[in-house]
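Structural features, examined
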Amino acid sequence: MRSARLSTLFLLLLSCIATVTSPADAQTPKRGGTLRVAYGNEISGLDFHTTPGYEMIWVATNVGCGLISIAPDGKFLPDAAESWQISSDGLLYTFKLRKNVVFHDGTKVDAAAVKANIDHIMDPKTASSVRPFYQAVHSVEVVDPSTLQIRLKHPYAFMMHALAVYRMGLVLYSPASLQKYGPEDRRSGKPEAEASCGPFKLVEWVKGSQLVMDRFDKYYEPGIPYLDRVIIRTIKDPVTQMAAFKAGEVDFIVDFSADHVDTLKAQNPRAQILTGKEATPMVAMMKVTVPADGKPGAKERAPHPIFGDVKVRKAIGCFGIDRKEIVKIAFKGQATPWAGIIPPGTADTADVTSACPYDQTKAKALLAEAGYGPQKPLTFEILTNTDKAIFNVIATVIKEQLARIGVTANIRIVDKVTWLNGVVAKDGPFDMYVEDLAALLVIDQNLYLSGTTAAWNSARHTDTKVDEFYARYASELDSAKRKVIAKEFQEFSVDKLYWNTISGSPFYEIAQPWMKGYVYQAEFKVRYHQVWLDR
Amino acid sequence: MRVYILKRLVEIVPTVLAITFVVFVMMRSIPGDPVVAMLGDAYTEEDAVRVRAEYGLDKPLLAQYGIWLGKLAQGDWGVSILSGRPVLQDVLVRLPVTFELIVLSMGVALAIAIPAAIIGAVRRNTWADYTATTIAMIGVSIPEFFIGVLLLLLFSIGLHGLLPSSGWAYLPGTCPTVVCSASLLGNAQHVLMPALALGVGRAALLTRLLRASMLEVVRTEYVTTARAKGLAERPVVLKHALKNALIPTVTVMGLQVGFLIGGAIVVETLFAMPGLGTFGIDAIIARDYQQVQGFALITAVAFVVINLLVDLMYTFLDPRIRYA
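Remember, predicted model here, so these are calculated numbers, not experimental data.

Observations concerning the overall build of chain A
Each helix and strand counted, chain A has 17 helices and 22 strands in total. In summary, chain A has a C-alpha radius of gyration of 23 Å against a globular reference of 24 Å for 535 residues, a match within 12%. Per-residue burial for chain A yields a buried fraction of 57% across its 535 residues. Expressed as a percentage of contacts within chain A between residues at least 6 apart in sequence, the contacts between residues at least 24 apart total 69%.

Next up, the structure:
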């Protein structure tokens, strides 16, 4: 009923997510071969319901299958479910399952299996990273072995997105393996514990060495996948990645460093450089409140001594930062200067960057209004981490720009875990941090990073208007009206600056010319099911 | 001799315990909590409290160490907090890679250092001596990663993939994984650049040290006597002088193992090798306490055992040395 309408809501993604298919895709795909993939970071674990990190997601999208998937243009695609219907009030989702889908352990994918997985995710004991996306779910009912109904408590416009793509989407495990094996078995990548229903089955994961997955011959789509095997290795150093690519040791690099793209292009003119509009924001986040009693995490909040004042936030974050210069220096021009809470590549985005032009005079005037000037100079700390070199480059450029308006910014560099603890877990005493946060297909996902009650609300703002915007947006089933709400929210956000985006953070994938059939879907999906090698 | 070895082996226990305890305390003293990394964006304080209790991280420090030690006594090295993988299993997979790298880099170091030092000592103050000394000086001054990048640019990019830039091929019959490449040639190709990168710096250091020892030894009376007896220069230098001059060098070689493990972290990361170095650094960065303990334990044992072997080598190099 509403499925077609919902799926067309995100046609905008056509402009956000680039689909890259080479002309050779018209050729007949060749069967066989091993695809050698390099990731820039280690896979942290393989429990598809709990483990954090994109690297895990990029395995889950190949070993796992779900109810539905999503195309680059935002259309929902059948996966284990061959069709679906959504009631006109948006409260009842009915999925018809294919009859020929089996898990890697040979058991059948039926409605009971899907229910077992959703129940497992919704169980607080599982501590699933996708559990917040199921908050609207009232119940999951098995109508018959091939029919499943999900009933919602209230209309939620993004239930299909949650199932298809939020983080890794819903990844189905065989209920037998869920029962037999514990979370540690899944996290550690024990192949028997990873019994899902994707096109590839896990052969082994030796942390620090390689992850191997082989074609699953009983995959429901006949003849798919084409590849016999995929081997994933971690190569952290971009120079080594380039050397391995140049020497033909790897066929595909996922998440290639933006500042090395030009060098790689020059060395490999035939390489396929895959990218699209940025769906990840690069932020210079300012802390808005601190615990009133000094105890981290306290509910009673007091304004942050510097950035609790919106005038200072705007002086520094809005007018004091030259976004174009940051992009030119840090990204070598390969990113979009941006100020809105929704990155340029996310659905319903609106460019509100013009609200924050680089204006030293305005910045100084606002600082003077807030009581800062030559008599009382403003000094604060920029916290950044060693996860990506670009964070430190950006922090340095910001420091230089702020010096021009008489503000001293001291940079503190810590490692990622210390940063995580300082920023998230311990309600840390930071003033500003530079980071690129999660990729956002739709703004609704950002509730879990910026709602007042979100653990990841690192600015610790307490403005419930933000929650109201998210709630209005997510419960509005009319896409046109939702777009209006999104624009209003972005304008509100850039005015309050609880969330200070400075640019998009580009994402690159690099493929050898002989790698065919791959479809670029940014950080959201890295799937090899239609990939073939033309060597 | 046996008594001496037994005594030294017994001494390993308190040494290793002390090292692991210091590492244990240090890891918990630095900021960062593995539970935050483990939960990622699913982090909530309630879940964090539950997971900390699950892994015993809420217990007092000494109790945690006691639990770790108790499990270790039963052969259980623990499980990685982040990946859930058994620590011992991962250590055993990675140990041979680093072991081979360290042995070969030491081989590279000796292969360069011994002839360079001999030339430097025998032809003192000639162009050959100056060349060897200068090269040694340059070698000491260049960090491993820089040499590694240069080698990478030359052999992997410049010479069109003559040597593989990353990864590993195991020696035949030693493959610890289900799917792996194993061949003698492949192994040699993979280890050559990392061993060179790691060995050149050590070679430079050993050259300087050995040259100084050789200069002392060639002036001793027994070398003069050997020459006076009419022995040819080659046996005088190689048999009489070099063997004795090697004692301080061997001592330093043993101590250098610690530096080599440190260097292995850099080199293994650069060449994306699945060794203990990358295991250790990843564990420290992620605050994966169990893995860090495993890394500390294996490196401490290796360091102490290698230095015991070095001590035993003295008896071979100088028969006058006896262990009571």
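There's plenty left to go through after this.
As for the domain arrangement of chain A
The parts lose accessible area when they come together, and the size of an interface is often stated as this lost area. Residues and elements named next belong to chain A. Under the domain assignment, chain A is made up of domain 1 (3-276 + 508-533) and domain 2 (281-504). Each of domain 1 and domain 2 has a C-alpha centre, and these two points are 31 Å apart. At the junction of the two partners, domain 1 supplies 24 residues and domain 2 supplies 19 residues. Broken down by secondary-structure element, the contributors of at least two residues to the side of domain 1 that touches domain 2 are α2 (13-16) and α9 (261-267). Residues of the side of domain 1 that touches domain 2, tallied by class, amount to 17 nonpolar, 4 polar and 3 charged.

Digging into the sheet that holds strand β5 (residues 92-97) of chain A
Residue and element names in this part refer to chain A. The 4 strands are arranged β4-β5-β7-β6 in an open sheet whose pairing can be described as antiparallel. At either margin of the open sheet sits one strand with a lone partner, and together these are β4 (81-86) and β6 (137-144). Between one strand axis and the next, the sheet turns by 20 degrees as a mean value, whatever way the strands run. Lying on the sheet, helix α4 (residues 111-122) is in contact with β5, β6 and β7 (147-152); it crosses β6 at an angle near 165 degrees.

A look at the sheet that holds strand β9 (residues 210-215) of chain A
Residues and elements named next belong to chain A. What the 7 strands build is an open sheet, ordered β8-β9-β10-β1-β11-β20-β12; its pairing is mixed. In this open sheet, the two strands that pair with only one neighbour each are β8 (200-206) and β12 (272-274). The mean angle between the axes of side-by-side strands here comes to 20 degrees, regardless of whether they run parallel or antiparallel. Each of β1 (34-39), β8, β9, β10 (229-234) and β11 (252-254) touches helix α3 (residues 54-63); the most contacted strand, β8, lies at about 145 degrees to it.

Observations concerning the environment of B:D58
All names here are of chain B. Counting through the fold element by element, D58 comes out in the loop between α3 (45-54) and α4 (61-73). For the pair formed by D58 and G32, sequence separation is 26 residues and the distance between their alpha carbons is 14 Å. Excluding its chain neighbours within four sequence positions, the residues that come into contact with D58 are R52 and A53.

A closer look at helix α10 (residues 233-270) of chain B
With 38 residues, α10(B) ought to run about 56 Å at 1.5 Å a step, yet its terminal C-alpha atoms sit only 44 Å apart, falling short of that. Phi for B:A272, located one or two positions after α10(B), is positive at around 45 degrees.

Overview of the confidence of the model for chain A
Close inspection of predicted coordinates is inappropriate in any region flagged by low pLDDT. Residues of chain A with pLDDT of at least 70 account for 95%, and the chain-wide mean is 91. Ignoring residues within four places in sequence, the model shows residues 1-25 of chain A, a span with pLDDT below 50, making 55 contacts including any to other chains.

Some remarks on unusual backbone geometry
With an omega of 0 degrees, the peptide bond between A:I224 and A:P225 qualifies as cis. Along the chain, A:P225 turns up in the loop between β9 and β10. One non-glycine residue, A:D348, adopts positive backbone phi at about 65 degrees. Position of A:D348 among the secondary structure elements: in the loop between α11 (323-330) and α12 (360-369). According to the C-beta neighbour criterion, A:D348 is buried, with 21 such atoms within 10 Å. Positive phi, normally seen in glycine, also occurs at B:A272, with a value near 45 degrees. Within the secondary structure, B:A272 sits in the loop between α10 and α11 (276-286).

Considerations on the nonpolar core
Judged by nonpolar contacts, the single largest core of 262 residues is most densely connected at A:L172, A:I394, B:A113 and B:M214. In contact with B:A113, other than residues within four places in its own chain, are B:A203, B:L206, B:T207 and B:L210.

So, the packing of helix α5 (residues 87-122) of chain B against helix α12 (residues 289-317) of chain B
Residues and elements named next belong to chain B. At a closest axis distance of 10 Å, the pairing of α5 and α12 adopts a crossing angle of 45 degrees. Our classification of the angle between α5 and α12 gives oblique. Crossing of α5 over α12 shows right-handed handedness. Along the contact surface, α5 presents V87, L88, V91 and L95, while α12 presents Q290, Q291, G294 and I298. Tallied by class, the residues present in the contact of α5 with α12 amount to 5 nonpolar, 3 polar and no charged.

Some remarks on the interface of chain B and chain A
With 45 residues of chain B at the interface, the matching set in chain A holds 45 residues. The set of elements that each furnish at least two residues to the side of chain B that touches chain A consists of α2 (34-39), α3, α5, α7 (144-158), α10 and α11 of chain B. For the side of chain B that touches chain A, the element with the highest residue contribution is α11(B), accounting for 5 residues. The residue inventory of the side of chain B that touches chain A, partitioned by class, reads 23 nonpolar, 13 polar and 9 charged.

Remarks on α11(B)
Residues and elements named next belong to chain B. With 9 of 11 residues buried, α11 is to be regarded as a mostly interior element. Buried within α11 we find L276, G277, T278, F279, G280, D282, A283, I284 and A286. Phi turns positive one or two residues past the end of α11, at R287, with a value near 55 degrees.

Points about the environment of A:Y226
Residue and element names in this part refer to chain A. For Y226, the location among the structural elements is in the loop between β9 and β10. Along the sequence, Y226 and V250 sit 24 residues apart, while their C-alpha atoms lie 18 Å from each other. Setting aside residues no more than four positions away along its own chain, Y226 makes contact with P29, K30, R31, V531 and W532.

Digging into the packing of helix α9 (residues 221-228) of chain B against α10(B)
The geometry of a pair of packed helices is captured by two quantities: the angle between their axes and the separation between those axes. Residue and element names in this part refer to chain B. At a closest axis distance of 10 Å, the pairing of α9 and α10 adopts a crossing angle of 150 degrees. Relative to α10, α9 is oriented roughly antiparallel. In this structure, the crossing between α9 and α10 has a hand that is right-handed. In this structure, α9 contributes Y222, V223, A226 and R227 to the contact, and α10 contributes V236, H240 and A241. Along the lines of polarity and charge, the residues of the contact of α9 with α10 split into 5 nonpolar, 1 polar and 1 charged.

Quick notes on the domain arrangement of chain B
All names here are of chain B. Segmenting chain B into domains produces domain 1 (2-73) and domain 2 (88-317). One C-alpha centre belongs to domain 1, the other to domain 2, and the line joining them spans 31 Å. Going through the elements one at a time, α1 (2-29) and α2 are the ones with two or more residues in the side of domain 1 that touches domain 2. The element that contributes the greatest number of residues to the side of domain 1 that touches domain 2 is α1, accounting for 9 residues. Partitioning the side of domain 1 that touches domain 2 into residue classes produces 9 nonpolar, 3 polar and 2 charged.

Let's talk about the pairing of β7(A)
Residues and elements named next belong to chain A. Residues of β7 alternate between two faces, with L148, I150 and L152 buried on one and T147, Q149 and R151 left unburied on the opposite face. Here 5 bridges tie β5 to β7, and the two strands are oriented antiparallel to one another. Bridge pairing in β7 links K96 to T147. Note that β6 and β7 share 6 bridges and pair antiparallel. Within the sheet, the bridge partner assigned to V137 lies in β7 and is L152. Hairpin connection, β6 to β7: the antiparallel pair is bridged by 2 residues.

Quick look at the pairing of β9(A)
All names here are of chain A. Counting buried positions along β9 gives 5 out of 6 residues, so the element sits mostly inside the fold. Pairing analysis gives 6 bridges linking β8 to β9, with the strands arranged antiparallel. Its bridge partner lying in β9, K201 is registered against D214.

A closer look at the confidence of the model for chain B
All names here are of chain B. For chain B, the mean per-residue pLDDT works out to 87, and 99% of the residues sit at or above 70. When pLDDT is averaged over each element of chain B, α4 comes out on top at 92 and α2 at the bottom at 82. Reported for the predicted complex are a pTM of 0.87 and an ipTM of 0.82.

Basis of the calculations
- Residues numbered from 1 in each chain as written.
- Chains lettered and ligands numbered in written order.
- Predicted model: local features only at pLDDT ≥ 70, side-chain atom pairs only at ≥ 80, totals over all residues.
- Helix = DSSP H or I, 4+ residues; strand = E, 2+ residues; numbered from the N terminus.
- Rg over C-alpha atoms; globule rule 2.2 N^0.38 Å.
- Buried ≥ 20, exposed ≤ 12 C-beta atoms within 10 Å, placed from the backbone.
- Contact = placed C-beta atoms within 7 Å.
- Domains from an automatic or database assignment.
- Nonpolar A, V, L, I, M, F, W, Y, C, P; charged D, E, K, R; others polar.
- Pairing = 2+ DSSP bridges.
- Axes fitted to C-alpha atoms, helices over the stretch in contact; angles between N-to-C directions.
- Expected span 1.5 Å × (residues − 1).
- pLDDT = per-residue confidence, 0-100.
- Core = buried A, V, L, I, M, F, W, Y, C linked by C-beta atoms within 7 Å.
- Parallel < 35°, antiparallel > 145°, perpendicular 65-115°, else oblique.
- Left-handed = near helix turned anticlockwise from the far one by under 90°.

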